[in-house]
Amino acid sequence: MTGQVIPHEVQGSGSRRAILLHNWFGDRTSFAPMREHLDGDRFSYAFVDCRGYGEAIDVDGAFTMEEVAEDALAVADRLGWETFSVVGHSMGAKAAQLMLLEAPSRVRSIVGIAPVAASGFPLEGETWELFAGAEKDPGSRRAIIDNTTGGRRDDAWLDAMVSRSMRNSSPAAFRSYLDSWSGSDFHERVRGNRTPVLLVVGAHDPALGAEAMRATWLQWYPNAELEVLPDAGHYAPEESPEALAAAVEEFLGR
């Protein structure tokens, strides 16, 4: 394994442990609204910054899902966590699956929040141009966030999301991760994997909602289950934090 211990923060001291991997637009602080609803007596949570984001914004790397997985396993080693679950938001869930493939005896379960599938998320034409252009263009980031939350959020909310995203990610990492989470396909490697999986999606997410889960994750993981949050789009940790925390802890506590 070639991962390195990257910036992370642990919350809680419980015996049920989970590593949390953030989405493309946010560093580990994107989980902040959810964190106040978590039970630190029953659970321990390690929130990780991917290279090029948050406190790891100046950490160089290849900026791939494989590297995220290796780094997260290195964090687990540093914490002395032999077994744990992985909670991945969007692209973070793709990396979570690579952690499962790399260390199947260590990953107890996966929670995917609006999760990118092992097959990736192919983008073409104008959609690809929009996503690729978001590397340096705040307007492109705003358009993507607005669309993937169902056009339900006001200007102040969208502006705050874009500002945090621009501030907490390096353009080079942001752009490279796009290729990795959207493009690579390893779904044949996870097909039939019996690890317990919880998929939590927002009812207003047009990209990675219930329909996308039925076509991908639920086809390949026989022990996967789906929960739809009625008041969320793609960003449940920020849109519906209390309901998300409850769903995650009910699953992890089994």
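Everything numeric here is computed off the predicted structure, so don't read it as measured data. Here, residues in each chain are numbered from 1, in the same order as that chain's written sequence. Owing to the predicted nature of the model, reporting of local features is limited to residues with pLDDT of at least 70; listing and counting of side-chain atom pairs is limited to 80 or more, with chain, interface and lining totals taken over all residues. Computation of side-chain values covers all heavy atoms of the structure but excludes hydrogens and water.

### Some thoughts on the packing of helix H2 (residues 65-79) against helix H7 (residues 171-183)
So, step 1. Where helices are involved, their axes are fitted lines through C-alpha atoms of the stretch in contact, as for all axes, and angles between N-to-C directions lie from 0 to 180°. Strands are runs of DSSP state E lasting at least two residues, helices are runs of H or I lasting at least four, and both sets are numbered from the N terminus onward. The contact between H2 and H7 brings their axes to 8 Å, and the two run at 95 degrees. The angle between H2 and H7 falls in the class roughly perpendicular. Facing H2, whose interface residues are Met65, Glu66 and Val68, H7 presents Tyr177, Ser180 and Trp181.
So, step 2. Classifying every residue of the contact of H2 with H7 gives 4 nonpolar, 1 polar and 1 charged. Note that the term roughly parallel is reserved for angles under 35 degrees, roughly antiparallel for angles over 145, roughly perpendicular for angles of 65 to 115, and oblique for everything else. When checking whether two residues touch, look at their non-hydrogen atoms; a contact exists if any pair is within 4.5 Å. Residue polarity follows a fixed list, in which Ala, Val, Leu, Ile, Met, Phe, Trp, Tyr, Cys and Pro are nonpolar, Asp, Glu, Lys and Arg are charged, and the others, Gly among them, are polar.

### With respect to the nonpolar core
So, step 1. Side-chain atoms within 4.5 Å link the members of a nonpolar core, which is a set of buried Ala, Val, Leu, Ile, Met, Phe, Trp, Tyr and Cys residues. Relative accessibility decides the category of a residue: with a 1.4 Å probe and only protein chains considered, values under 20% of the type maximum give buried, values over 50% give exposed, and everything between is partly exposed. Ile19, Trp24, Met99, Tyr177 and Trp181 are the most contacted members of the largest nonpolar core, which totals 60 residues.
So, step 2. Once residues lying within four places of it in the same chain are set aside, the contact partners of Trp24 are Tyr53, Met91, Phe131, Ala134, Ile144, Phe174, Tyr177, Leu178 and Trp181.
So, step 3. In this structure, Ala18, Phe43, Tyr45 and Ala245 belong to the second largest nonpolar core, which totals 21 residues.

### Side note on the pairing of strand S2 (residues 16-21)
It is a general feature of regular strands that their side chains alternate between the two faces of the sheet.
So, step 1. DSSP bridges decide pairing: two strands pair if at least two such bridges lie between them. Here 6 bridges tie S2 to strand S3 (residues 43-48), and the two strands are oriented parallel to one another. Paired with Leu21 across the two strands is Val48, which belongs to S3.
So, step 2. Taken together, the 4 bridges between S2 and strand S4 (residues 84-89) define a ladder with parallel strand orientation. When the bridges of S4 are listed, Ala18 appears paired with Ser85.

### Description of the side chain of Ser30
So, step 1. Looking at where Ser30 falls in the secondary structure, it is placed in the loop between S2 and helix H1 (32-35).
So, step 2. A residue is classified by how much of its surface remains accessible, and Ser30, at 3% relative accessible area, is buried.
So, step 3. Polar contacts, as counted here, are pairs of nitrogen or oxygen atoms within 3.5 Å of one another; within protein the pair requires one atom able to donate a hydrogen and one able to accept it, and residues that are adjacent in sequence qualify only if both atoms are side-chain atoms. Engagement of the side chain of Ser30 in a polar contact is seen with the backbone oxygen of Asp27, the distance being 2.8 Å.
So, step 4. Setting aside residues no more than four positions away along its own chain, Ser30 makes contact with His22, Asn23, Pro237 and Glu238.

### Quick notes on the packing of aromatic side chains
So, step 1. Paired rings are identified among Phe, Tyr and Trp, the last through its six-membered ring, by centres lying within 6.5 Å, and are further divided according to the angle between planes into stacked (under 30 degrees), edge-to-face (over 60) and tilted (the rest). Taken as a whole and judged by the stated rule, the model has 13 aromatic pairs.
So, step 2. Where Trp24 meets Phe174, the ring centres are 4.0 Å apart and the plane angle is 15 degrees; that geometry is what we call stacked. Of this pair, Trp24 sits in the loop between S2 and H1 while Phe174 sits in helix H7, and the two are 150 residues apart along the sequence.
So, step 3. An angle of 70 degrees between the planes, with centres 5.4 Å apart, marks the rings of Trp24 and Trp181 as edge-to-face.

### Points about unusual backbone geometry
So, step 1. A positive phi is found at Phe63, a non-glycine position, where the angle reads about 60 degrees.
So, step 2. On the secondary structure map, Phe63 appears in the loop between S3 and H2.
So, step 3. In the Ramachandran plot, Ala114 falls in the positive-phi region, its phi being about 40 degrees despite a non-glycine side chain.
So, step 4. Relative accessible area serves as the criterion here: at 1%, Ala114 is assigned to the buried category.

### Structural notes on the packing of helix H4 (residues 125-133) against H7
So, step 1. For the pair H4 and H7, interaxial distance at closest approach is 9 Å and the crossing angle is 140 degrees. Classified by the angle their axes make, H4 and H7 are oblique. Where H4 abuts H7, its residues Trp128, Phe131 and Ala132 lie against Arg175, Leu178, Asp179, Trp181 and Ser182.
So, step 2. Class assignment for the residues of the contact of H4 with H7 results in 5 nonpolar, 1 polar and 2 charged.

### Observations concerning the environment of Leu158
So, step 1. Position of Leu158 among the secondary structure elements: in helix H6 (residues 155-167).
So, step 2. For Leu158, a relative accessible area of 2% gives the class buried.
So, step 3. A sequence separation of 12 residues divides Leu158 from Asp146, and the C-alpha atoms of the two residues are 6.9 Å apart.
So, step 4. If sequence neighbours within four positions are ignored, Leu158 has contacts with Arg142, Ile145, Asp146 and Arg153.

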